[in-house]
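Results of the structural survey
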Amino acid sequence: MNFFLAALGVLGVASSGPLIAATLGATSVSALAIAFWRNAIGSAVMAGPVLVRQPRQFGRVTGSEFRWSLAAAVSLALHFACFITSLQLTSVAAATALVCLQSGWIAVFQLFRGVRHRWEVLAGFGLAFGGVVAITGFDMGTSPQALIGDLLAVAGGILAGAYTLAGGRARRTMGTGVYTTLCYGMCAAVVAVLALASGQPLAGFDAAGWLGILAITVCAQLVGHTAFNHLLATWSPLLVSMIILLEIPGAALLAAGCLGETLPGGTYAGLGMILVGLAVVVAGQRRSLRVRRAADRIAELGTD
């Protein structure tokens, strides 16, 4: 059953990029509408069990917990804005790989906070960043639009790292249900403000558009991340984190098979460099005693 859940989780998170790209390309749904409804629905789903079993938990949220949750929500909202927009400008495979650099960026953030990493972490991030250079270099030769999409995906990865760190701080004293309800709910509110400011509609779509939004929410948010969070109860965070990295080749294969996406050979080489580099980063973080507690939270806080 665990292996089945792992496969289901990989398929769920890997489908995020292709489903978003397909929905944006075939319907009138806006990028921020996908981010809004995905988080709004996720917040409502996560709130249900808490309201039924322990509704008073929401009243016990402290000021510090709320501020860290808000910081995570703002980072998550900006992450979605960057990542979903990047899927309109560059390939699904490139955008997914670049945004998955969040584990590497977390290691960089921790360096600035005085955390010393093993040499494997730095070497792995260096290899992954080499993959970024390879992908952006090929996209630069393809079109300026693809390069902008790559840069937005990189920014999305940085923001995902900030979201994970802020969420990890809030989760020290908050339960999963309360935290995800607050975080996703506030994220949806921030996205609504961004949509209002940019003039992107959040409703009024055709049936195909709403079906796309529902598919993204169910597959990536509810099935994919729920499966991985369940596996954390029986499998080590290292193993779960390594399995999540299969999102990179999974998204590339789904984009190639379902969307007919073809990429230059150098781009596939860059994807491989990022995948191997991040695997080394994750493994190195788990071996470092000074960052074990923070690193163990990485797999618990999914984004895409």
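Conventions we followed
Position numbers for residues start from 1 in each chain and track the written sequence from start to end. Where local features are concerned, this predicted model is filtered to residues with pLDDT of at least 70; where side-chain atom pairs are given and counted, the filter is 80 or more; whole-chain, interface and lining totals use all residues. Here the side-chain values reflect all heavy atoms present in the structure, with hydrogen atoms and water set aside. Where helices and strands are cited, they refer to DSSP runs of H or I of at least four residues and of E of at least two residues respectively, numbered from the N terminus. For this analysis, residues touch if any pair of their heavy atoms sits within 4.5 Å. In these tables, accessible area is a Shrake-Rupley quantity obtained with a 1.4 Å probe, and a residue counts as shielded only by the protein chains included in the view. Residues enter a nonpolar core if they are buried and are Ala, Val, Leu, Ile, Met, Phe, Trp, Tyr or Cys, with the set joined through side-chain atoms within 4.5 Å. Relative accessibility decides the category of a residue: with a 1.4 Å probe and only protein chains considered, values under 20% of the type maximum give buried, values over 50% give exposed, and everything between is partly exposed. A score from 0 to 100, pLDDT tells how confident the predictor is in each residue. Here, axes are lines fitted to C-alpha atoms. For helices the fit covers the stretch in contact, and angles between N-to-C directions go from 0 to 180 degrees. Each angle gets one of four labels, with under 35 degrees taken as roughly parallel, over 145 as roughly antiparallel, 65 to 115 as roughly perpendicular, and the rest as oblique. By convention, the crossing between two helices is left-handed when the near helix turns anticlockwise from the far helix through less than a right angle, and right-handed when the turn is clockwise. For this scheme, ten residues count as nonpolar: Ala, Val, Leu, Ile, Met, Phe, Trp, Tyr, Cys and Pro. Four count as charged, namely Asp, Glu, Lys and Arg, and the remainder, Gly too, count as polar. Given the number of residues in a helix, its expected span is that number minus one, multiplied by 1.5 Å. Exposure above 30% relative accessible area and the lack of any salt bridge qualify a residue for a patch; like charges then connect within 9 Å, and the nonpolar side chains Val, Leu, Ile, Met, Phe, Trp and Tyr within 5 Å. Take a side-chain nitrogen of Lys or Arg and a carboxyl oxygen of Asp or Glu: if they are within 4 Å of each other, that pair is a salt bridge. Two aromatic rings from Phe, Tyr or Trp, using only the six-membered ring of Trp, form a pair when their centres are within 6.5 Å; if the ring planes differ by under 30 degrees the pair is stacked, by over 60 it is edge-to-face, and anything between is tilted.

Attention now moves to the overall build of the chain. Of regular secondary structure, the chain possesses 14 helices and zero strands. Reading the chain from its N end, one meets helices and strands in the order α-α-α-α-α-α-α-α-α-α-α-α-α-α. The long-range fraction of contacts in the chain, counting pairs at least 24 apart against all pairs at least 6 apart in sequence, stands at 84%. Of the roughly 12900 Å² of accessible surface on the chain, a fraction of 69% belongs to carbon and sulfur atoms.

Another point: the nonpolar core. For soluble globular proteins, the rule of thumb is that nonpolar side chains tend to be buried together. In this structure, Ile20, Ile34, Ile84, Leu98, Leu101, Ile274 and Leu278 are the most contacted members of the largest nonpolar core, which totals 67 residues. Counting residues per element, this core draws most heavily on helix α9 (residues 176-198), at ten residues. Those residues within four positions of isoleucine 34 in sequence are excluded, and the remaining contacts are Ile20, Thr23, Leu24, Val29, Ile84, Ile213 and Ile216. Within the second largest apolar cluster, eight residues are counted, among which are Leu5, Val10, Leu231 and Trp235.

A word on the environment of leucine 253. Of note, leucine 253 is situated in helix α12 (residues 247-259). A relative accessible area of 65% means that leucine 253 is categorised as exposed. In this structure the C-alpha to C-alpha distance between leucine 253 and proline 18, which are 235 residues apart in sequence, comes to 9.6 Å.

Moving on: the confidence of the model for the chain. With 89% of its residues at a pLDDT of 70 or more, the chain shows a mean pLDDT of 83. In the predicted structure, residues 294-302 sits below a pLDDT of 50 and forms 32 contacts with residues beyond four places in sequence or in another chain.

Between two packed helices, what matters for the description is the angle formed by their axes and the separation of those axes. Two elements in contact, helix α1 (residues 2-14) and α12, have axes separated by 8 Å at closest approach and are oriented at 60°. Taken as axis vectors, α1 and α12 run oblique relative to one another. At the point where α1 passes α12, the crossing takes the right-handed sense. Between α1, through Leu11, Val13 and Ala14, and α12, the contact on the second element is made entirely by Glu247, Gly250, Ala251 and Leu254. A class-by-class count of the residues in the contact of α1 with α12 yields five nonpolar, one polar and one charged.

For the rest of this paragraph, the subject is the packing of helix α3 (residues 31-53) against helix α4 (residues 63-86). For the pair α3 and α4, interaxial distance at closest approach is 9 Å and the crossing angle is 135°. When the axis of α3 is compared with that of α4, the two are oblique. Crossing of α3 over α4 shows right-handed handedness. In this structure, α3 uses Ala31, Leu32, Ile34, Ala35, Arg38 and Asn39 to contact α4, whose residues at the interface are Leu76, Phe80, Ala81, Ile84 and Thr85. The residue inventory of the contact of α3 with α4, partitioned by class, reads eight nonpolar, two polar and one charged.

Taking 1.5 Å of rise per residue, the 13 residues of α1 would be expected to cover 18 Å, and the 18 Å separating its terminal C-alpha atoms lies within 8% of that figure. Those residues of α1 not exposed but buried are Leu5, Ala6, Gly9, Val10, Gly12, Val13 and Ala14.

As a further point, take a nonpolar patch on the surface. Taken together, Phe66, Leu70, Val74 and Leu78 make up a surface patch of nonpolar side chains, about 290 Å² in accessible area. In this fold, leucine 78 is placed in helix α4.

Attention now moves to the environment of glycine 130. Looking at the secondary structure, you find glycine 130 in helix α7 (residues 119-142). A relative accessible area of 23% means that glycine 130 is categorised as partly exposed. Measuring from C-alpha to C-alpha, the distance between glycine 130 and glycine 277 comes to 9.0 Å, with 147 residues separating the pair along the chain.

All right, on to the environment of glycine 42 then. Here glycine 42 is to be found in helix α3. Sequence spacing of glycine 42 and valine 218 is 176 residues, and the spatial spacing of their C-alpha atoms is 9.0 Å.

Next up on the list: the packing of aromatic side chains. Inspection of the entire model under this criterion finds three aromatic pairs. For the pair phenylalanine 36 and tryptophan 37, a centre-to-centre distance of 5.0 Å together with 85° between the ring planes defines the contact as edge-to-face. Accessibility expressed as a relative area gives 16% for phenylalanine 36, which makes it buried. By relative accessible area, tryptophan 37 is classed as partly exposed at 25%. Taken together, a centroid distance of 5.5 Å and an interplanar angle of 55° make the contact between phenylalanine 205 and tryptophan 210 tilted. Through a chain of ring-to-ring contacts, the aromatic side chains of Phe36, Trp37, Phe205 and Trp210 assemble into a single cluster.

Further remarks concern the side chain of threonine 23. You can see threonine 23 is positioned in helix α2 (residues 16-26). Since its relative accessible area comes to 6%, threonine 23 is described here as buried. When neighbours within four sequence positions are excluded, threonine 23 is seen to be in contact with Val29, Ile34, Gly209, Gly212 and Ile216.

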